[in-house]
Amino acid sequence: MSRRRVDPVKKMAELLKLGAVMLAETCPVEGCNLPLFKLPSGEIICPVHGKIHVVKTDEEAREVRKKVVLTDILDRLENKVLNILSDMINEPHPEPGELSEWLDVLEKVRRIKKT
Ligand SMILES: [Zn+2]
């Protein structure tokens with residue numbers, strides 16, 4: 001491997017030394033989950049991925065994170081609905097109850113995402 005991996009702990013220590021503040025929010029990059037840091041300049045960065053989004057406030061960071069989480073939930077819900085549908089096709093006596101419950105949830109999440 002030619003790319004050097006960043007040691008997150010070392011990088012976090014460096015960030016703290018620079019006067020960065022550790023936030024309650026974590027990195028939105030999938031599989032990262034490291035805490036985000038707010039630099040004195042107001043930039044929000046991940047110790048591994050660097051600048052994540054151009055967010056100026058904690059509020060904005062929360063909004064971005066919410067969107068990422070909602071997109072992930074929507075993906076999984078859509079998969080769930082598709083799985084139920086393909087199960088139903090194979091069932092001799094399908095029960096549409098479960099499907100309509102999941103479709104309900106899907107619709108609600110879509111509405112939240114739009115707001
Ligand atoms: Zn990250």
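Everything below is about the structure shown above.
It should be emphasised that the depicted structure is a prediction, and the values quoted were computed from it without experimental measurement.

Draft legend 1. Quick look at helix H1 (residues 8-17). Turning to H1, its buried residues are Pro8, Met12 and Leu15. The buried residues of H1 occupy an angular sector of 60° when the element is viewed end-on, so they sit on one face. In H1, the exposed positions that point more than 90 degrees away from the buried face belong to Val9, Lys10 and Lys17. In this structure, the buried side of H1 is in contact with strand E2 (35-38) and strand E3 (44-46). Note on H1: the residue one or two positions beyond its end, Gly19, has a positive phi of about 95°.

Draft legend 2. Seen up close, the pairing of E2. Pairing of strand E1 (residues 21-26) with E2 involves 3 bridges; the strand directions are antiparallel. Note on E2: the bridge partner recorded for Met22 is Phe37. Sheet topology places E2 next to E3; 2 bridges connect them, and they run antiparallel. Each bridged residue has a counterpart across the sheet, and for Lys38 the counterpart in E3 is Ile44. Hairpin geometry of E2 and E3 is characterised by an intervening segment of 5 residues between the two adjacent antiparallel strands and by a positive phi of about 100° at Gly42.

Draft legend 3. Structural view of unusual backbone geometry. Its identity as a non-glycine residue notwithstanding, Asn33 has a phi of 60°, on the positive side. Relative to the helices and strands, Asn33 resides in the loop between E1 and E2.

Criteria and cut-off values
- Residues numbered from 1 in each chain as written.
- Predicted model: local features only at pLDDT ≥ 70, side-chain atom pairs only at ≥ 80, totals over all residues.
- Heavy atoms only, no water.
- Buried < 20%, exposed > 50% of the residue type's maximum accessible area, 1.4 Å probe, protein only.
- Helix = DSSP H or I, 4+ residues; strand = E, 2+ residues; numbered from the N terminus.
- Arc of directions from axis to C-beta.
- Contact = heavy atoms within 4.5 Å.
- Pairing = 2+ DSSP bridges.

As far as function goes, none of this settles anything; it's purely spatial.
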